[in-house]
Amino acid sequence: MEDEGSASAIWREIERSESYLVCSMFEEAASSASSIVKRLCVDTKGLDDVQLYDMLESTGMVLVQSLNQLGRASEILNQLKQSFSLVVAIPAQVLLIGSCFQILENSSGVGETLQEFLSKWRFVDERYYVLVGAETNIDYVEGCQGRYVLGVDKYLELAELYTIKLLATTLNNTDLAVSWVEKAELPEDTRQGLLRRLHSLHSVNSSQGSSLPLSADNKTADSSNLKQLKSGKGSPEVLDYKYPLNREKTGKQVVLEPCMWWLRIINSKLSNGRMIISNRKIFLSCLILLAYWILRRKQVSLKRMLQRQALLVKNGVVDLWKLAFSYQVNPLAAIQSPPVALRGGH
């Protein structure tokens, strides 16, 4: 009972930090989340591994999102290292989102952090990844993750981010990415898929690189374009034509920046379950609440209109009923003799 009480108290603190985040109190959210993570890493208070991992993941997500909202995305990985003490102790989902934010900022240190994290896990029985040194102490349960066990899907997401997005695309170092994939402990079909994608990127980069050497006339034209760019008089169309790589980078930024809005998710714990809420779900919920509010406002007028229609139908039925039974029929009319006046006429 004491352990359950301490767990409930920790969840209340996590929910408070999430409330700070939702209310745009980002400094308070970051400070609270960092404090909770440091305390959990030092004292687990009898919590089981799965529950502790969920707490660390929820709190880490609050910390990452708060730093990003504060414009300190370039500090995310350093703050995570300080809070969790060890890179390998950072939950995979937290590291994934934090790395994405930091890659968009073109800040350094992402590659070293991802490489260090990925090198600390061993692929066991073609089913899951286990922290190095903890292979003999793990009883794996399908679908469960913890500080010592990592699902294949989470590991592969980080591996793809490191090789495809960071090394091959951002740093244009396809050779290092291919070398890492060939040596890493990966499922064979995944390894072959990553190698095919890397070779494809390498061929694209090589074809672009072969078209980069310029003649003397082109160099003169390019230098004039650069002068125009510095002076602010350059035409975007001309510059995009002369520098297709810049145009491609700009296009990626335009695509990525709106997409990252959907990455801003909020983790919430209710009892023993975990709920991840994205901005899209929040937007849809607001639409539903708005529709409900409008219906509530219109409920009185709708009720009045329905009552009026029902009254009209009722009055019509009553009038029809009265009309049907108010007409008097004489059953002897058929055998009565004609009036006297009519006889005289004949």
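Residues numbered from 1 in each chain as written. Predicted model: local features only at pLDDT ≥ 70, side-chain atom pairs only at ≥ 80, totals over all residues. Heavy atoms only, no water.

### Considering the overall build of the protein chain
Here is step 1 of the chain: A tally of helices and strands in the protein chain yields 14 helices and five strands.
Here is step 2 of the chain: Taking all 346 residues of the protein chain together, 34% fall into the buried category.
Here is step 3 of the chain: Intrachain contacts of the protein chain at a sequence separation of at least 6 include 58% that bridge at least 24 residues. (Helix = DSSP H or I, 4+ residues; strand = E, 2+ residues; numbered from the N terminus. Buried < 20%, exposed > 50% of the residue type's maximum accessible area, 1.4 Å probe, protein only. Contact = heavy atoms within 4.5 Å.)

### Observations regarding the confidence of the model for the protein chain
Here is step 1 of the chain: For the protein chain, the average pLDDT comes to 76, and 68% of its residues sit at 70 or higher.
Here is step 2 of the chain: In the predicted structure, residues 214–266 sits below a pLDDT of 50 and forms 48 contacts with residues beyond four places in sequence or in another chain.
Here is step 3 of the chain: Here residues 268–273 is modelled with pLDDT under 50, and outside its nearest four sequence neighbours on either side it reaches 11 contacts, counting other chains as well. (pLDDT = per-residue confidence, 0-100.)

### What to know about the nonpolar core
Here is step 1 of the chain: Counting 67 residues, the largest nonpolar core has Leu80, Phe117, Tyr129, Tyr155, Trp180 and Leu186 as its most contacted members.
Here is step 2 of the chain: Ranked by residues supplied to this core, first place goes to helix H7 (residues 152–170) with 11 residues.
Here is step 3 of the chain: Those residues in contact with Leu80 that lie beyond four places of it in its chain are Leu63, Val64, Ser85, Ile90 and Val94. (Core = buried A, V, L, I, M, F, W, Y, C linked by side-chain atoms within 4.5 Å.)

### Observations regarding the side chain of Ser34
Here is step 1 of the chain: Here Ser34 lies in helix H2 (residues 26–42).
Here is step 2 of the chain: Among residues more than four places away in sequence, those in contact with Ser34 are Leu63 and Ser83.

### Observations regarding the packing of aromatic side chains
Here is step 1 of the chain: Going through the model one piece at a time under the given rule, you end up with four aromatic pairs.
Here is step 2 of the chain: With a centroid separation of 3.8 Å and an interplanar angle of 15 degrees, the aromatic rings of Tyr129 and Tyr155 are classed as stacked. Highlighted residues: Tyr129 in strand E2 (residues 128–131) and Tyr155 in helix H7, separated in sequence by 26 residues. Neither Tyr129 nor Tyr155 differs from the other in exposure class; each is buried.
Here is step 3 of the chain: Through a chain of ring-to-ring contacts, the aromatic side chains of Phe123, Tyr129 and Tyr155 assemble into a single cluster. (Phe/Tyr/Trp six-rings, centres within 6.5 Å; stacked < 30°, edge-to-face > 60°.)

### Describing the sheet that holds strand E3 (residues 149–151)
Either a parallel or an antiparallel arrangement is found when strands of a sheet pair, and the pairing is made through backbone hydrogen bonds.
Here is step 1 of the chain: Taken in spatial order, the three strands of this open sheet run E1-E2-E3, and their pairing is antiparallel. At either margin of the open sheet sits one strand with a lone partner, and together these are strand E1 (121–124) and E3. Adjacent strand axes in the sheet meet at a mean angle of 35 degrees when their direction is disregarded.
Here is step 2 of the chain: Alignment of E2 against E3, held across three bridges, turns out to be antiparallel. Paired with Tyr129 across the two strands is Leu150, which belongs to E3. (Pairing = 2+ DSSP bridges. Axes fitted to C-alpha atoms, helices over the stretch in contact; angles between N-to-C directions.)

### A few points about H2
Since one α-helical turn is 3.6 residues long, residues separated by three or four positions face the same way.
Here is step 1 of the chain: Helix length check: H2, at 17 residues, gives a terminal C-alpha distance of 25 Å against a target of 24 Å (1.5 Å per residue), a fit within 8%.
Here is step 2 of the chain: Every buried residue of H2 is accounted for by Phe26, Ala29, Ala30, Ser32, Ala33, Ser34, Ile36, Val37 and Leu40. (Expected span 1.5 Å × (residues − 1).)

### Observations regarding the pairing of E1
Here is step 1 of the chain: The pairing of E1 with E2 spans four bridges and is antiparallel. By the bridge assignment, Phe123 is partnered in E2 with Tyr129.

### Examining the packing of H7 against helix H8 (residues 174–183)
Here is step 1 of the chain: Closest axis-to-axis distance for the H7/H8 pair is 8 Å, and the angle between their directions is 155 degrees. One way to sum up the angle between H7 and H8 is to call them roughly antiparallel. Considering the relative orientation of H7 and H8, their crossing is left-handed. Here Tyr155, Ala159, Tyr162, Thr163, Leu167 and Ala168 of H7 lie close against H8, whose contacting residues are Thr174, Leu176, Ala177, Trp180 and Val181. (Parallel < 35°, antiparallel > 145°, perpendicular 65-115°, else oblique. Left-handed = near helix turned anticlockwise from the far one by under 90°.)

### Brief notes about the environment of Glu105
Here is step 1 of the chain: If you trace the backbone, Glu105 turns up in the loop between helix H5 (92–104) and helix H6 (110–118).
Here is step 2 of the chain: The spatial distance from the C-alpha of Glu105 to the C-alpha of Arg72 is 9.5 Å, given a sequence separation of 33 residues.
Here is step 3 of the chain: Once you skip the residues sitting within four places of it in the chain, Glu105 turns out to touch Ala73 and Ser74.

### Notes on a nonpolar patch on the surface
Here is step 1 of the chain: Taken together, the side chains of Phe283, Leu284, Leu287, Leu290, Trp293 and Ile294 define a hydrophobic patch exposed on the protein surface, amounting to about 590 Å² of accessible area.
Here is step 2 of the chain: Within the secondary structure, Ile294 is located in helix H13 (residues 279–326).
Here is step 3 of the chain: Residue Ile294 is classed as partly exposed on the basis of its relative accessible area, which comes to 41%. (Patch = residues over 30% accessible without salt bridge, like charges linked within 9 Å, V, L, I, M, F, W, Y side chains within 5 Å. Areas by Shrake-Rupley, 256 points an atom, 1.4 Å probe, with all protein chains shown as cover. Salt bridge = Lys/Arg side-chain N within 4 Å of Asp/Glu carboxyl O.)

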